[in-house]
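# Understanding the architecture of this molecule
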Amino acid sequence: MLYELFSWLKQHFNIMGAGVFQYLTFRAAMAILLSLIITTVYGKRIIIFLKNKQIGETVRDLGLAGEQQKKGTPTMGGIIILLAIIIPTLLFADLSKVYIRLMLLCTVWLGIIGFLDDYFKIKARRLAGKRGEQYKKKDSDGLAGVSKVIGQVGLGIIIGATLYFNSNVTVEREIITKEVNKSLHPGEMVARGSNVVTKNIEGESRRFVEVKTPITTIPFTKNHEFNYSKLISWMGNRAEAYTWIIYILIVTFIIAAVSNGANITDGLDGLAAGVSAIIGAGLGIFVYVSGNFKFAEYLNIMYIPNLGELSIFVGAFVGACIGFLWYNAYPAQVFMGDTGSLALGGIIASLAIIVRKELLIPIFCGVFLIEELSVIIQVVYFKYTKKKFGEGRRIFLMSPLHHHYQKKGFHESKIAVRFWIITIFCVLLSIVTLKIR
């Protein structure tokens, strides 16, 4: 909104200082600052509101150190994160860009799903309290699991279809012959409305054109681009016609997996928010280098036009996560709940897909992956041993993995900080893959 306003003032009245809003770095910095102000200053008011409405956490007796001290701590604090992402983006980003619209949709969509889940759980707790019954999480009237999956699948279909079919979602290819089509790879086509652009690079004139192509980045390989149509190349000439189905299915799976991974990781004070902030900073680097032709040329990675605008959203995202730690770090004064965790995971997944780095998710989202796998392994092994030996056995003392370390006597603040350090290592490793081939 402010971007459009100051652009209009600059164009029609040439007001001094209005042109500063044309700089991505300025608007990204402002987005970070505003998100920090919203989370730290206005976040306190939201926490007080949640307390007054008695929207508190009910803690089950799991035998974990300090768990009873968390009883009554306000939950649904993810509202703070959502506001700190959405408001700066609306104010400072160019809302005409398809990537900005997609990320705002993702934030609101998964925020609503998480909010409904938290709301129904709180409603069930209050109902159990009125009846004089003990609330049990397994008997919760929270949003049904199938409803969550349907919501995640719906979002995945929208994002996947938009990225595949929208004419503004392109990459740039250099034209190496007089005929434009000769510069394209199999399965690629010139984007509708694209013009041949001549760029002067180190004194040499080179021509480029925007193309539509379902490609992504493969780490640690010399030919670091992978076209999704190769997954169904066995279909022959029909492969390109059905690639959109494979692409949307993969996008949907990634969004559901990462959002659930973030949801599972949100079990200790500051853990999910800190990990998400670090991952967001790493994705911000990917956004910047992929949206800047000079850096993309130097690193020999695909240049994605119009991607730079996404740095405003990423700045707001990182600022919101860091600012939320003001109240969420140990001892937490508020929990984000599913309202925040589902949205954080979905945002990270969508950003990775947009910058075409989704195959790096197992690396920079290593903590989410390990947490999710610990639950799957624990459940599968328990069911297997119960069927085979008549008694269920466990690999971990408790899952997810962060509870395993709590059971071993580690303080939760130490576990959270160590998981942050692991995430920093994973993010740096994923950035290094830009040059290691």
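For the structure, check the block above.
Here's what I pulled together on the structure shown here. Note that the structure is predicted; figures quoted are calculated from it, not measured.

## Some details on the overall build of the protein chain
Tallying secondary structure elements over the protein chain gives 14 helices and six strands in all. Scored against the burial criterion, the 437 residues of the protein chain give a buried share of 51%. Counting only carbon and sulfur atoms, one obtains 62% of the accessible surface of the protein chain, whose full area is about 21500 Å².

## Let's talk about the layout of surface pockets
Its volume calculated, the second largest pocket comes out at about 430 Å³. Glu 172, Arg 173, Glu 225, Asn 300 and Ile 301 are, among the 18 residues lining the second largest pocket, the residues nearest its centre. Contributing elements (two or more residues each) for the lining of the second largest pocket: strand S1 (171-174), strand S4 (204-212) and helix H8 (293-299). Residues belonging to the lining of the second largest pocket are distributed by class as follows: seven nonpolar, five polar and six charged.

## Digging into helix H3 (residues 78-92)
With 15 residues, H3 ought to run about 21 Å at 1.5 Å a step, and its terminal C-alpha atoms sit 22 Å apart, in line with that. Listed in full, the buried residues belonging to H3 are Gly 78, Ile 80, Ile 81, Leu 82, Ala 84, Ile 85, Ile 86, Pro 88, Thr 89 and Phe 92.

## Notes on the pattern of salt bridges
One pass over the full model with this rule turns up seven salt bridges. A salt bridge links Asp 117 to Lys 148, with the shortest nitrogen-to-oxygen separation between them at 3.0 Å. Taken together, the residues span a long stretch of sequence, with Asp 117 in helix H4 (residues 98-130) and Lys 148 in helix H5 (residues 145-165) at a distance of 31 residues. Comparing Asp 117 with Lys 148, the two get one shared label, buried. Classification of Lys 148 as buried rests on a relative accessible area of 16%. Counted as one network, the salt bridges with shared partners bring together Asp 117, Lys 121, Lys 148 and Asp 338.

## Quick word on unusual backbone geometry
Leaving glycine out, the prevailing phi sign among residues is negative, and the prevailing peptide bond configuration is trans. In the segment running from Tyr 330 into Pro 331, the intervening peptide bond is cis, with an omega of -10°. With respect to the helices and strands, the residue Pro 331 is situated in the loop between helix H9 (310-328) and helix H10 (337-354). For the peptide bond that leads from Ser 399 to Pro 400, omega is 0°, which places it in the cis range. Positioned with a positive phi, Arg 356 is a non-glycine residue whose angle comes to about 60°. With respect to the element layout, Arg 356 can be found in the loop between H10 and helix H11 (361-364).

## Observations regarding the packing of helix H2 (residues 24-52) against H9
How two helices pack is summed up by the angle between their axes together with the distance between the axes. Their axes nearest at 7 Å, the elements H2 and H9 cross at an angle of 30°. Taken together, the axis directions place H2 and H9 in an arrangement best described as roughly parallel. The element H2 and its partner H9 pack so that their crossing is right-handed. Contact residues: Leu 24, Arg 27, Ala 28, Ala 31, Ile 32, Ser 35, Leu 36, Thr 39, Thr 40, Gly 43, Lys 44 and Ile 47 in H2; Ser 311, Ile 312, Gly 315, Ala 316, Gly 319, Ala 320, Ile 322, Gly 323, Phe 324, Trp 326 and Tyr 327 in H9.

## Digging into the environment of Val 275
Residue position: Val 275 is located in helix H7 (residues 271-290). Taking the relative accessible area as the measure of exposure, Val 275 reaches 0% and is therefore buried. Measuring from C-alpha to C-alpha, the distance between Val 275 and Trp 420 comes to 5.5 Å, with 145 residues separating the pair along the chain. Those residues in contact with Val 275, other than ones at most four positions away along the chain, are Val 367, Phe 368, Phe 419, Trp 420 and Thr 423.

## Focus on a nonpolar patch on the surface
Taken together, the side chains of Leu 369, Leu 373, Ile 376, Ile 377, Val 380, Tyr 381, Tyr 384 and Ile 395 present a nonpolar region at the surface, about 690 Å² in accessible area. Within the fold, Ile 376 resides in helix H12 (residues 366-389). For Ile 376, a relative accessible area of 45% corresponds to the partly exposed category.

## Concerning the state of the cysteines
Disulfide: a covalent bond formed between the sulfur atoms of two cysteine residues. By the definition in use, this model includes zero disulfides. Take Cys 365: it sits in no disulfide, and the sulfur closest to it among the cysteines is that of Cys 426, at 9.2 Å.

## Some words on the packing of aromatic side chains
Counting across every chain of the model gives twelve aromatic pairs. Consider the rings of Tyr 164 and Phe 165, whose centres lie 4.9 Å apart with planes at 70°: the pair is edge-to-face. Look at Tyr 164 and you get buried, because its relative accessible area is 18%. For the ring pair Tyr 288 and Phe 295, a centre distance of 5.6 Å and an interplane angle of 55° mean the geometry is tilted. Look at Phe 295 and you get partly exposed, because its relative accessible area is 37%. The structure contains a cluster of three or more aromatic residues connected by ring pairs, namely Tyr 164, Phe 165, Phe 226, Tyr 228, Trp 244 and Tyr 247. Above the ring of Phe 389, the side-chain terminus of Arg 393 is found at 4.1 Å from the ring centroid.

Procedures and definitions
- Residues numbered from 1 in each chain as written.
- Predicted model: local features only at pLDDT ≥ 70, side-chain atom pairs only at ≥ 80, totals over all residues.
- Heavy atoms only, no water.
- Helix = DSSP H or I, 4+ residues; strand = E, 2+ residues; numbered from the N terminus.
- Buried < 20%, exposed > 50% of the residue type's maximum accessible area, 1.4 Å probe, protein only.
- Areas by Shrake-Rupley, 256 points an atom, 1.4 Å probe, with all protein chains shown as cover.
- 1 Å grid on protein atoms, 1.4 Å probe; cavity = no way out; pocket = protein on both sides within 12 Å on 5 of 7 lines; lining within 4 Å.
- Points joined across faces, edges and corners; volume = space filled by probe spheres on them.
- Nonpolar A, V, L, I, M, F, W, Y, C, P; charged D, E, K, R; others polar.
- Expected span 1.5 Å × (residues − 1).
- Salt bridge = Lys/Arg side-chain N within 4 Å of Asp/Glu carboxyl O.
- Axes fitted to C-alpha atoms, helices over the stretch in contact; angles between N-to-C directions.
- Parallel < 35°, antiparallel > 145°, perpendicular 65-115°, else oblique.
- Left-handed = near helix turned anticlockwise from the far one by under 90°.
- Contact = heavy atoms within 4.5 Å.
- Patch = residues over 30% accessible without salt bridge, like charges linked within 9 Å, V, L, I, M, F, W, Y side chains within 5 Å.
- Disulfide = S-S within 2.5 Å.
- Phe/Tyr/Trp six-rings, centres within 6.5 Å; stacked < 30°, edge-to-face > 60°.
- Lys NZ or Arg CZ within 6 Å of the ring centre and 35° of its normal.

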